[in-house]
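Commentary on secondary and tertiary structure
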Amino acid sequence: PLREMSPAVAAADVHLFGPVDTYRGVDPGVQVRYYLAEDSDVRLEFLDGSGTVIESFEGDATVEQARPRGGRRRFGGGEAPRPSGKAGAHTFMWDLRYPGFVDFEGVVLPGTYTVRLTAGDEVRERQFGVRLDPRNEPVTLAQLQAQLDLALEVRNQVTEANEAVIQIRDIEEQVDDRTAQTRNTEVHAQAGVVRGKLEEVEEEIYQVRNESRQDPLNFPIKINNKLAALMNGVSRGDFPPTEQSRQVFERLDGLLQEEMLRLQLIIEQDLARLNELLRREGIDPVEVRRRTVS
């Protein structure tokens, strides 16, 4: 910023400083520095070489400084980092990662990227480079693309698994709410069928008994944790994925799809029967809502 400072920059309402190029897998991310003459709502967007937005972050003058990730991508959520819109100079760190279930290092490919700052009606863009660690130069861009492609495939399935668990729990809560509104024995019996089958699917996707640090040693991890572990292995370092990694992914994805099919059948058959009984009682049916991992 000092090298870029000039009378014009000092007099500007909004200025986005040019980021310094960063090294994939070596640097923690790219530092974006900007200046606002007045308080403003702000948005920072990070775009790849084709102009596609990878990730965006929004903030305002109530944010004193950018918040860290804080596990935003982990199952159960967490807050996304927010850029500050308060008048003055600010620094925001982008970790060079695609949004996903968990953080995984160095997933953005080497190349030229753009950061776009929107402050009120003002828009500024600057480019920066992501470089390959020179110690890893024998690896090709095609190999890194293969690594990225598989890592994102696995990430998507981790997300699908976790969203299924969230959806199951939402349905179970609604079932409990509806059954509390009636003493009809047929309704309660069918609710028990739905709950029992949903619990079986949930227990295959997610280890429900993991509540303490000791529990993973006592109870085996399930599909979502196995996929997450695979993703971390695939995305670590600057190497193409192994054939064994692909085979493991195909097997785990197959197991997940079996559970997703079971879940769909429960919704289409058992839950539909319960909803029919609820309607006869004048009770609102259970809704099947698409739930997302934050």
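The structure this text deals with has already been given above.
Residues numbered from 1 in each chain as written. Predicted model: local features only at pLDDT ≥ 70, side-chain atom pairs only at ≥ 80, totals over all residues. Heavy atoms only, no water.

Description of the environment of Gly282
The test is simple: Secondary structure elements follow DSSP: runs of H or I no shorter than four residues count as helices, runs of E no shorter than two count as strands, and numbering proceeds from the N terminus.
Among the secondary structure elements, Gly282 is positioned in the segment after helix H6 (243–280). Along the backbone, Gly282 and Thr182 are 100 residues apart, and their C-alpha atoms lie at a distance of 9.8 Å.

Regarding the side chain of His15
As a reminder of what qualifies: In this scheme, a residue with accessible area under 20% of its type's maximum is buried, one over 50% is exposed, and one in between is partly exposed, where area comes from a 1.4 Å probe on protein chains only. A 3.5 Å cut-off defines polar contacts: any pair of N or O atoms within that distance qualifies, except that in protein one atom must be a possible hydrogen donor and the other a possible acceptor, and neighbouring residues in sequence count only when both atoms are side-chain atoms. Contact between two residues is taken to exist if any of their heavy atoms lie within 4.5 Å; hydrogens are not considered.
Its location among the elements puts His15 in strand E1 (residues 14–16). Judged by its relative accessible area of 14%, His15 is buried. Of note is the side chain of His15, whose polar atom sits 2.8 Å from the side chain of Glu4. In contact with His15, not counting residues within four places along its chain, are Glu4, Val9, Arg33, Tyr34, Tyr35, Leu117 and Arg126.

Considerations on the nonpolar core
Most often, soluble globular proteins keep nonpolar side chains buried together rather than apart. As a reminder, the rule being used: Throughout this description, the term nonpolar core refers to a set of buried Ala, Val, Leu, Ile, Met, Phe, Trp, Tyr and Cys residues connected via side-chain atoms within 4.5 Å.
Formed by 36 residues in total, the largest nonpolar core has its most connected members in Val154, Leu227 and Leu274. Take this core: its biggest share by element is 11 residues, from H6. Discounting residues that sit within four places of it in the chain, Leu227 has contacts with Val154, Gln157, Val158, Phe249, Leu252 and Leu256. Counting residues in each nonpolar core, the second largest holds 28 residues, with Leu16, Val108, Leu144 and Leu148 among its members.

Points about the packing of helix H2 (residues 141–179) against helix H3 (residues 185–205)
The line we're drawing: Every angle, taken between N-to-C directions, lies between 0 and 180 degrees, and every axis is a line fitted to C-alpha atoms, over only the stretch in contact when it is a helix. Every angle not falling under 35 degrees, over 145, or within 65 to 115 is termed oblique; those three ranges are roughly parallel, roughly antiparallel and roughly perpendicular. Crossing chirality is assigned from the near helix's rotation relative to the far helix, an anticlockwise turn below a right angle marking it left-handed and a clockwise turn marking it right-handed.
Running from N to C, H2 and H3 point in directions that differ by 160°, and their axes come no closer than 10 Å. Here H2 lies roughly antiparallel to H3, going by the angle between them. As H2 packs across H3, the resulting crossing turns out to be left-handed. Side by side, H2 and H3 meet where Ala161, Ala164, Val165, Ile168, Arg169, Ile171, Glu172, Val175, Asp176 and Thr179 of the first sit next to Val187, His188, Ala191, Val194, Arg195, Leu198, Glu199, Val201, Glu202 and Ile205 of the second.

Quick look at the side chain of Asp95
One can find Asp95 in the loop between strand E6 (88–94) and strand E7 (111–119). Here the side chain of Asp95 touches Arg97 through a polar contact of 3.2 Å, landing on its backbone nitrogen.

Remarks on the layout of surface pockets
Put simply, the test is: For each structure, a 1 Å grid was placed over the protein atoms alone; sets of points admitting a 1.4 Å probe that cannot get out are labelled cavities, open sets with protein on both sides within 12 Å along at least five of seven lines are labelled pockets, and lining residues have an atom within 4 Å of a point. Grid points are joined across faces, edges and corners, and a volume is the space filled by probe spheres set on the points. Side-chain classes follow a simple rule in which Ala, Val, Leu, Ile, Met, Phe, Trp, Tyr, Cys and Pro form the nonpolar group, Asp, Glu, Lys and Arg form the charged group, and the remainder, Gly included, forms the polar group.
One number sums up the size of the second largest pocket: a volume of about 190 Å³. Across the lining of the second largest pocket, the residue classes break down as five nonpolar, two polar and three charged.

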